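# Observations on chain architecture
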Amino acid sequence: MALISLEKEADLLIKVANGDEKAFEKLFYAYYDQLGAFVYQLTSSSTLAEEVVQEAFIEVWLRRESLAEVRSFKGFIFILTKHRMLNALRKIASEKLRDYAWQESFEPYQPAEFTEDPVDRYKSMLEEAIQKLPPQQQKVFKLSKIERLKQEEIAHLLNLSPETVKKHMKLALKFLRNYFADARIDMPLLIVLLSRFFR
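As the structure is a computational prediction, the values presented were derived from the model and not from experiment.

## Quick word on the overall build of the protein
In terms of regular secondary structure, the protein is built from nine helices and zero strands. For the protein, buried positions account for 36% of its 199 residues. Split by element, the accessible area of the protein, about 12900 Å² in all, is 52% carbon and sulfur.

Shown next, in the form of structure tokens:
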């Protein structure tokens with residue numbers, strides 16, 4: 001369904017805030033496909049995309065009284081969906097790490113000097129992957145994820161356009177996803193690694 005006009009959207013938000021279920025349904029279907037595509041692009045999971053979008057709209061309904069004050073529902077729902085997605089990915093990745101630790105506990109005993117913390121190993125892999133990025137992508141990635149600079153700040157610092165910075169970040173993340181996929185480490189775990197080591 002095509003996105004609705006701002007005027008009609010504002011009217012729908014007021015109706016939803018007052019508990020109008022039909023208005024909520026229209027709002028849901030107006031954004032469902034676009035939000036699903038957004039989550040799928042980052043997770044490659046249609047199941048997770050469906051769950052995240054549904055959970056985001058459940059939260060919208062539970063917080064509906066405040067919708068009349070929302071100026072941009074598009075921005076509101078995309079931020080809400082992004083947070084839901086990251087929480088879901090972190091939960092999945094944490095479960096994978098626990099499973100890995102459980103499996104490791106059944107491995108034959110090895111002296112301490114021959115054992116390695118799996119988290120330390122993943123950190124080393126991530127650092128190695130970053131070093132393999134082309135120079136400009138590496139700079140943009142580090143400034144964004146390590147220095148926590150905004151896209152506009154990176155563009156100004158490197159004398160690049162914001163669109164070029166965005167392109168470099170997209171390519172860098174694509175490379176890292178492929179790199180970790182080859183190492184049998186999937187996207188949820190990569191999210192945890194990035195959140196742990198690049199705060």
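Alright, that's what it looks like, and here's the rest.
## Side note on helix H8 (residues 162–182)
With 21 residues, H8 should reach 30 Å at 1.5 Å per residue; the first-to-last C-alpha distance of 30 Å fits that figure. Considered for burial, the residues of H8 that qualify are Val-165, His-168, Met-169, Ala-172, Leu-176, Tyr-179 and Phe-180. End-on view of H8: buried residues confined to an arc of 100°, all on one side of the axis. Summarising the geometry of H8, the exposed residues directed more than 90 degrees from the buried face are Glu-163, Lys-167, Lys-170 and Asp-182.

## Topic: the environment of Trp-61
As for its position among the elements, Trp-61 is in helix H3 (residues 46–62). Residue Trp-61 is classed as partly exposed on the basis of its relative accessible area of 22%. A C-alpha to C-alpha distance of 7.8 Å links Trp-61 and Val-16, two positions 45 residues apart in sequence. Here Trp-61 is in contact with Val-16, Gly-19, Asp-20, Glu-21 and Phe-24, once residues within four sequence places are set aside.

## Quick word on the packing of aromatic side chains
With the rule as written, the count across this model stands at 10 aromatic pairs. On the basis of an interplanar angle of 75° and a centroid distance of 6.1 Å, the ring pair of Phe-24 and Phe-57 is categorised as edge-to-face. Placement of the pair is Phe-24 in helix H2 (residues 21–43) and Phe-57 in helix H3, with a sequence separation of 33 residues. The pair formed by Phe-24 and Phe-57 is uniform in burial state, with each residue classed as buried. Look at Phe-28 and Phe-57: their rings are 4.9 Å apart centre to centre, the planes differ by 65°, and that puts the pair in the edge-to-face class. One end of the pair, Phe-28, is in helix H2; the other, Phe-57, is in helix H3, and 29 residues separate them in sequence. With relative accessibility at 2%, the residue Phe-57 sits in the buried group. An aromatic cluster is built from Phe-24, Phe-28, Tyr-29, Tyr-31, Tyr-32, Phe-57, Trp-61, Phe-73 and Phe-76, whose rings are joined through pairwise contacts.

## Details of the pattern of salt bridges
According to the stated counting rule, one finds four salt bridges in the structure shown. Between Glu-55 and Arg-84 there is a salt bridge whose closest N-O contact spans 3.7 Å. Here Glu-55, found in helix H3, pairs with Arg-84, found in helix H4 (residues 73–104); they are 29 residues apart in sequence, far enough to count as distant. The class of Glu-55 is partly exposed, set by a relative accessible area of 35%. Of the charged contacts in the structure, one is a salt bridge between Arg-84 and Glu-59, with a shortest N-O distance of 2.9 Å.

Cut-offs and rules
Residues numbered from 1 in each chain as written. Predicted model: local features only at pLDDT ≥ 70, side-chain atom pairs only at ≥ 80, totals over all residues. Heavy atoms only, no water. Helix = DSSP H or I, 4+ residues; strand = E, 2+ residues; numbered from the N terminus. Buried < 20%, exposed > 50% of the residue type's maximum accessible area, 1.4 Å probe, protein only. Areas by Shrake-Rupley, 256 points an atom, 1.4 Å probe, with all protein chains shown as cover. Expected span 1.5 Å × (residues − 1). Arc of directions from axis to C-beta. Contact = heavy atoms within 4.5 Å. Phe/Tyr/Trp six-rings, centres within 6.5 Å; stacked < 30°, edge-to-face > 60°. Salt bridge = Lys/Arg side-chain N within 4 Å of Asp/Glu carboxyl O.

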